[in-house]
Amino acid sequence: MDYSKYKMSFKEKALVIMVSIFATFVIAYLFYDSMWGIIFAPLFIAILSRLYRNSKIKEQKDRLTREFIDFLKNVSTALIAGYSIENAWVEAQKELGLLHGTKSLMYKEVSEMNRAVTINVPIEAVLEKFALRTEVDDIISFVEIFSFAKRSGGDFVGIIDSTTNRICQKYETYREIEVSLASKRMEQKIMNGIPIFILAYLRLTSADYMQVLYGNIMGITFMTVCLVMYGGAIFLSEKIINISV
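Okay, so let's go over this structure. (Residues numbered from 1 in each chain as written. Predicted model: local features only at pLDDT ≥ 70, side-chain atom pairs only at ≥ 80, totals over all residues. Heavy atoms only, no water.)

## A look at the overall build of the chain
To keep it simple, the criterion reads: Numbered from the N terminus, helices here are DSSP runs of H or I no shorter than four residues, and strands are runs of E no shorter than two. Put simply, the radius of gyration uses C-alpha atoms, and a globule should come to 2.2 Å times the residue count raised to 0.38. Only protein chains enter the accessibility calculation, which uses a 1.4 Å probe. A residue is then buried if its area is under 20% of the maximum for its type, exposed if over 50%, and partly exposed in between. Here the open area of atoms and residues is found with the Shrake-Rupley method and a 1.4 Å probe, where only the protein chains shown may cover a residue. His is not counted, nor are the chain ends; Lys and Arg add positive charge and Asp and Glu add negative charge. For the purpose of locating charges, the reference atoms are NZ of Lys, CZ of Arg, CG of Asp and CD of Glu.
A tally of regular secondary structure across the chain gives nine helices and zero strands. The C-alpha radius of gyration of the chain comes to 25 Å, more than 25% above the 18 Å expected for a compact globule of 245 residues. In terms of principal-axis extent, the alpha carbons of the chain reach across some 80 × 35 × 30 Å. Residues counted as buried form 35% of the 245 residues belonging to the chain. A total of about 15200 Å² of accessible surface is found on the chain, and carbon and sulfur atoms cover 66% of it. Averaging the locations of the 28 positively and 26 negatively charged side chains of the chain gives two centres separated by 6 Å.

Below you can see the structure in the form of structure tokens.
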């Protein structure tokens, strides 16, 4: 599975198209008082499709990271209990199935790893391919440390255990930040919508006052500048609110 891509279902595509067309109508009416703006619907569809895919990819990677951390905890516990690395992987798969179910992302990945190991594929090679597909920093870092520890022949169990604890602490910090930012994200979404509601209110209550902005070059230019600034403000707010750890 390629975690850097997301294939939308028919229902998701239909929803994105409907939302894009609706957004195009609203912007065309409020900013230009013309339905000719519908010709930009394909552009909105492309933008919203990309944003939707990116959000789903992030959600997918977050879920994989959470499951991977639970998997690492089980592997570390099995290693401390005296299991070999191959048997620790098998035991961790069983625990992962009980915790997240056999249809979870990580369970399927671990199942494939264990299947590859049974036909004598080195576990380091299997892990490296997995890490490259995920493009998740924590997973890539763990695989690099795992490969080094296995080659060096030092305190393998201790290195894996300490690495697991560091990744867990980092993820807990990330979750705490996400929880603290949840209310701010809601405020951001409300603030992003306020200019549209204000413009709609003025169109409905003061149509004559707003008419000077439509049907002439100066008005169209002014509204276009406002639209670009509005889009830029939304983009900037998204950048500010998304904090990586």
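## What about the nonpolar core?
In a soluble, globular protein the nonpolar side chains are often hidden away together inside. This is how the line gets drawn: To form a nonpolar core, buried Ala, Val, Leu, Ile, Met, Phe, Trp, Tyr and Cys residues must be joined to one another through side-chain atoms within 4.5 Å.
Of all hydrophobic cores here, the largest spans 38 residues; its most connected members are Phe-71, Trp-89, Met-106, Phe-142 and Phe-146. Taken together, the elements giving at least two residues each to this core come down to helix 2 (41–80), helix 3 (85–100), helix 4 (105–118), helix 5 (123–134), helix 6 (137–152) and helix 7 (156–205). Take this core: its biggest share by element is eight residues, from helix 2. Of all hydrophobic cores here, the second largest spans 10 residues; its members include Phe-31, Tyr-214, Met-223 and Tyr-230.

## Some thoughts on the packing of helix 2 against helix 3
To keep it simple, the criterion reads: Only C-alpha atoms enter the line fits that serve as axes; for helices the fit covers just the stretch in contact. Angles between N-to-C directions range over 0 to 180 degrees. Oblique is the label for any angle not covered by the other classes, which are roughly parallel (under 35 degrees), roughly antiparallel (over 145) and roughly perpendicular (65 to 115). If you view the pair so one helix is near and one far, a crossing is left-handed when the near helix is turned anticlockwise from the far one by less than a right angle, and right-handed when it is turned clockwise. Throughout, a residue-residue contact means that at least one pair of heavy atoms, one from each residue, lies within 4.5 Å. All amino acids are sorted into three groups, where Ala, Val, Leu, Ile, Met, Phe, Trp, Tyr, Cys and Pro are nonpolar, Asp, Glu, Lys and Arg are charged, and the leftover types, Gly among them, are polar.
Relative to each other, helix 2 and helix 3 sit at 135°, their axes nearing to 8 Å. Relative to helix 3, helix 2 is oriented oblique. The handedness of the crossing between helix 2 and helix 3 comes out as right-handed. Here Glu-67, Asp-70, Phe-71, Asn-74, Val-75, Ala-78 and Leu-79 of helix 2 come into contact with helix 3, specifically with Ile-85, Ala-88, Trp-89, Glu-91, Ala-92, Gln-93, Glu-95, Leu-96, Leu-99 and His-100. Taken together, the residues of the contact of helix 2 with helix 3 break down into 10 nonpolar, three polar and four charged.

## What to know about helix 6
What counts is decided by this rule: Multiply 1.5 Å by the residue count of a helix minus one, and that product is the helix's expected span.
Here helix 6 contains 16 residues, and its C-alpha end-to-end distance of 22 Å stays within 8% of the 22 Å for a straight helix at 1.5 Å per residue. Contact partners of the buried residues in helix 6: helix 2, helix 3, helix 5 and helix 7.

## Quick notes on the pattern of salt bridges
Pairing of side chains with opposite charge becomes possible as their charged atoms draw close. Our working rule: The working definition used for a salt bridge is a side-chain nitrogen of Lys or Arg within 4 Å of a carboxyl oxygen of Asp or Glu.
Applying the stated criterion to the full structure yields 10 salt bridges. Two residues, Lys-61 and Glu-135, come together in a salt bridge whose shortest N-O distance is 3.7 Å. You can see Lys-61 sitting in helix 2 and its partner Glu-135 sitting in the loop between helix 5 and helix 6, a full 74 residues away along the chain. Residues Arg-133 and Glu-109 are paired through a salt bridge, measuring 2.8 Å at the closest nitrogen-oxygen approach. Remark: Glu-109 occurs in helix 4 and Arg-133 occurs in helix 5; sequence separation between them is 24 residues. Glu-109 gets classed as buried once you look at its relative accessible area, which sits at 8%.

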